[in-house]
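Single-letter residue listing:
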Amino acid sequence: MQYPSPAAATYWLIQGRTLFATLYILGTLCFCWIVAKRLQPLLRAQRDPRFDRPLERLRNVLQYWLLQWRHPRYPLAGTLHLLIFAGFLILAVRAFAMLILGVSATFVPPGGPAYDILRAYAATAVFAAVTVAALRRLIAKPARYQAPAPLGKGRSADAIFLLGLIAILMLADGVIESSLAAAQNRSLPLVSLAWLLRQAFASRPPSALHNLYLGGYLLHALTFFFLLCYRPFGIQFHVETSLFSIYFAKLDRELLKPVRWGIPAENLDRVKSFGVKTFEDFTWKHMLDFYSCADCGRCSDQCPANAVGRALSPRFLTTKARDYSFRHYPVVGSAGNGTPLVGNLYSEGEIWSCTTCGACERECPLLVEYIDKIVDLRRGLVDDGRVPQALQKPLKALEVRGNPYGKLERKRADWANGDVSVLAGGGTHADTLYFVDSITSYDDRIQAIGRATASILSEAGVHFGILGAAERDSGHDVRRFGEETLFFALRDNNTQAIRSTGVRRIVTSDPHAYNALKHDYSEVPPVEHMSQVIAREVRTGRIRFEPLANRSAIYTYHDPCYLGRHNRIFDDPRYVLDSIPGLKRVEMSRCRDRSFCCGGGGLALFHEVKEDERMGVRRVRMAAEAGANVMVTACPFCMVNMEDAIKVAGMEGKMAVIDLMELAAQQMVRQAVSPALERGVN
Amino acid sequence: MDILVCARKVPDTAENEIELNRAGNDIERDDLVYSVNEPDNYAVEAALQITEKIGGSVTVVTVGGEEDDDVPRREMAMGAHHGVLLADECFQGSDGRGIATILKAYVRRNHFDLILTGVQGEDGAAQVGGMLAAMLDYPFASLVNSIEVVDGGKLRIGREIEGGSREMNEIDLPCVLSIQTGINEPRYVGMRGIRQVASIPIPALDASDLGLDTALVGAAAARVVRIDYFVPPAGDGARMLTGRRPEIAGQLLEIVAGKGGLN
């Protein structure tokens, strides 16, 4: 028996060819109809130019889609997915060949002995992987698949159903293969699924084998088309959409989405509405993200807001939007009207809970974007005047005084005790500008970081100055809290002040200012974070460190989100630490691009969010678990949050925190001690 | 319902470091940032919430100098429909009664169902609302922390009374209410909002436009004159509680209860 043709067989008096042709046409039409309906909201969405740089996009497809780059970050789930995905790719040829067999009696499937062995094991691996995955969902129930009631519903039932369908597909394929092999008295690859089934079918008469073959074929075809048309109804849609989601994924992650694509900043005043207020205010790519989310929960598993019981869980931000889209753009019936999202789909607390730390985006295997969506939703709230009371005062102060504390502009340089030259308006010139930013200028505790920075720069022989009263807040977090217009005012003010000094480079000790100057500003000289400056000066030998006096201290480095995850500066701060003789350093389990946010910077310091525990407290405990008793950070906001957290956690005396600038200034071998700056440090 | 909200500018306590001048009869006003008196924003928000629910208009009026048109403008950015500036050289130095006289002249020339003021000016004496009501012969309620419109030209209003209790009253329209700050959460006004109303002209009315007898307003007519400003001498310092945590909590409870804080 060669490949007996299901096309030529009869199923309940109907000829196979007719039956399968009808199934294929109906199934394909049904799928096309559903997909057309799914595309409907995308056509009404905001524009989003994603058609440029095809090579970079193809590279992303290769890395994140074909090679599943981010999956192994979760070893078990990642391996299971890799097996299923690889199996699908291998079995795709086979699946289409099988479909053709249903309508053509003369078709000979492509492939050869090698492919036959490969696909037998691929089907076996997929079957085993979906079984383990389903058991994992049913029995092990990993925490990240749970759904707390206020946020949304869990999708484990959906997931298990999908896994079941895949298992049926693999079994059907196995039945077809094994019944045929038994009839032909042909052996099959050892211990493959088909081989196992063949053992079971060994004693069946030829007529039974023939029926098994035809039955398996029908089951395969029905399951195939059922799956096809069922996928656009939930998490399983990513099978189709992931390729597009990854191709069109945001390439410049460090840049925030503009208020409206294609509208120059000077015309923004004429734009009627800012941000996302209704579903249709999202861009088409952001809607595509909603479809593509596989509900794997990695984003929420990494999200610090979710970890401390805030109202936000990024996974539900997406799945709730997908549910909304399916409800308002139904497969049968007409599209509904846009209702405001915040207040219905999302709570205000949910939207203000995000610290924009970026942990979710860094983890998502499908490159779903979150920060732009959160900022867009905030822009919408700001535009409607829905800003938490606690944030209104600092925002007003930023507008009037250029800092969130409402302190006088002329006191902005007081931290330096007159030891640092003021460049703007002072007639002094320098090569380098130290951009201090508000917290380091005005906060009593953080001013010490400013003085440490100044002393390091002096010691390294850098000719530098500050803007003094002419400096305004960098506006980094003003922008991320959705106040774009105020951000523009701050940025323009600073840009003009910086350019008027004629400096050739900028340094800063504040990662938020660094990120703003580097990515949100466009017409300023290049900027470096002080950790980069120190690392370079250590390499050139201009900065050397004294051995550490306290040998019992164990240090750990906490990656600030806007230095590490957002700007990939992981190694320079560690290099500086490791250059201090006698410094013992351990890593926390969550470090580098999995670092855990301290609680957020800028305006986040003014905004108390409802939570079970502070993020900082979590982080301080992580440091203790790693065996450290000194945390080193390189961000003023981390310092504020960690020092508070140590007190809240009752760990005073057991844990200390120091900024990298302070530690470097303290350990630096001083050639010529400047008494003025010496006095200033501490 | 047509609602008038009286608002004005004060030195912003959040954005200034307030210091006395050398003569000691005023604060140092160089370098000061002025903003709309915070309680007035609650009055505007209350008015906006009423008109959003039942329709009508919100007019914001301010008594001040020629440059004070930014007060009604800011409240228009918040959503108020009209803004008016009452400005005249002869208004300068008016006491509360003088301000109420100016406002009364404006109200008499228009029609409003309801007049709201903030609970008090941050540098003021919480007197204009009551005086205005008396001059207009309207009913008045102070410290209002809830407003509900009932049929038949009445409002049901809640007032905050001592010890955190609340009383409910019915009050006939037209009336004057001074609005307590807890009543709502005033909406945020960003730079974009201000920019969008920047070019709207704010009508300015002077004494003759209002048909005001200038002898009744200004410094000469003021019967209350401020004669001194001083910083009160520092009292006793903070008291540090010592002991173990449960003991500290016990002591704290005693102190709060002793001061009448636990009813």
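As the structure is a prediction and not an experimental result, all values here were calculated from the model. The residue count restarts for each chain, going from 1 along the sequence in the order it is written. In the order they appear in the text, chains get letters beginning with A and ligands get numbers beginning with 1. For a predicted model such as this one, the threshold for reporting local features is a pLDDT of at least 70, and the threshold for listing and counting side-chain atom pairs is 80 or more; totals across whole chains, interfaces and linings nevertheless cover every residue. Neither water nor hydrogens contribute to the side-chain values; these are computed over all heavy atoms in the structure.

J.: I'd love a proper account of the pattern of salt bridges, names of residues and values included.
T.: Residues and elements named next belong to chain A. For this analysis, a salt bridge means a side-chain nitrogen from Lys or Arg found within 4 Å of a carboxyl oxygen belonging to Asp or Glu. Under the counting rule described, the total for this entry stands at 67 salt bridges over all chains. Among the ionic pairs, aspartate 252 bridges to arginine 53, the shortest N-O distance being 3.0 Å. Linking aspartate 252 in the loop between helix H8 (238–247) and helix H9 (284–292) with arginine 53 in the loop between helix H1 (16–44) and helix H2 (54–66), this pair joins segments that are 199 residues apart in sequence. Using a relative accessible area of 27% as the deciding quantity, one classes aspartate 252 as partly exposed. Note that arginine 585 and aspartate 578 form a salt bridge whose closest N and O atoms lie 2.8 Å from each other. When salt bridges with common partners are traced through the structure, they connect Lys257, Asp376, Arg379, Arg479, Arg480, Glu484 and Asp520 into a single cluster. By definition, any uninterrupted DSSP run of H or I lasting at least four residues is a helix, any uninterrupted run of E lasting at least two residues is a strand, and each is numbered from the N terminus. Accessibility here uses a 1.4 Å probe with only protein chains present; expressed as a share of the type maximum, an area under 20% marks a residue as buried, one over 50% as exposed, and anything in between as partly exposed.

J.: Describe the interface of chain B and chain A, and please don't skip the residues or the numbers.
T.: Working rule for contacts: check all heavy atoms of both residues, and any pair within 4.5 Å makes them a contact. Facing 20 residues of chain B, the contacting portion of chain A comprises 29 residues. Summed over both partners, the accessible area (1.4 Å probe) lost when two parts come together is defined as the buried area. Here chain B packs against chain A, burying approximately 2,200 Å² in sum over the two surfaces, 44% of which is carbon and sulfur. Where chain B meets chain A, there are three salt bridges. Salt-bridge contacts for aspartate 269 of chain A lead to arginine 195 of chain B; the nearest nitrogen and oxygen are separated by 2.7 Å.

J.: Please give an account of the sheet that holds strand S10 (residues 175–179) of chain B that cites residues and values.
T.: All names here are of chain B. Note: two strands are recorded as paired if DSSP finds a minimum of 2 bridges between them. In space, the nine strands of this open sheet follow the order S9-S8-S7-S10-S6-S1-S4-S5-S11, with mixed pairing throughout. The open sheet has two edge strands, strand S9 (166–172) and strand S11 (204–205), and neither has a second partner. Sheet analysis places strand S7 (residues 140–150) next to S10, joined by three bridges and oriented parallel. If you follow alanine 141 over to S10, its bridge partner there is leucine 177. To get an axis, a line is fitted to the C-alpha atoms, and for a helix only the part in contact is used. The angle between two axes follows their N-to-C directions and goes from 0 to 180 degrees. Packing of helix H3 (residues 96–108) onto the sheet brings it into contact with strand S1 (2–6), strand S4 (57–64), strand S5 (82–87), strand S6 (114–118) and S11, and relative to S4 it is tilted by some 140°.

J.: If you had to explain the packing of aromatic side chains to someone new, which residues and values would you point to?
T.: All names here are of chain A. Any Phe, Tyr or Trp ring, taking Trp's six-membered ring, that has another such ring centre within 6.5 Å forms a pair; planes under 30 degrees apart are called stacked, those over 60 apart edge-to-face, and the others tilted. Considering all chains together, one arrives at 28 aromatic pairs over all chains under this definition. An angle of 75° between the planes, with centres 6.0 Å apart, marks the rings of phenylalanine 279 and phenylalanine 282 as edge-to-face. One aromatic cluster is present, built from ring pairs that chain together Tyr11, Trp12, Phe20, Tyr24, Phe96, Tyr217, Phe224 and Phe225. Charge-over-ring contacts are defined here by two conditions on Lys NZ or Arg CZ: a distance within 6 Å of the ring centre and an angle within 35 degrees of the ring normal. The aromatic ring of tyrosine 370 is capped on one face by lysine 373, whose charged end is 5.4 Å from the ring centroid.

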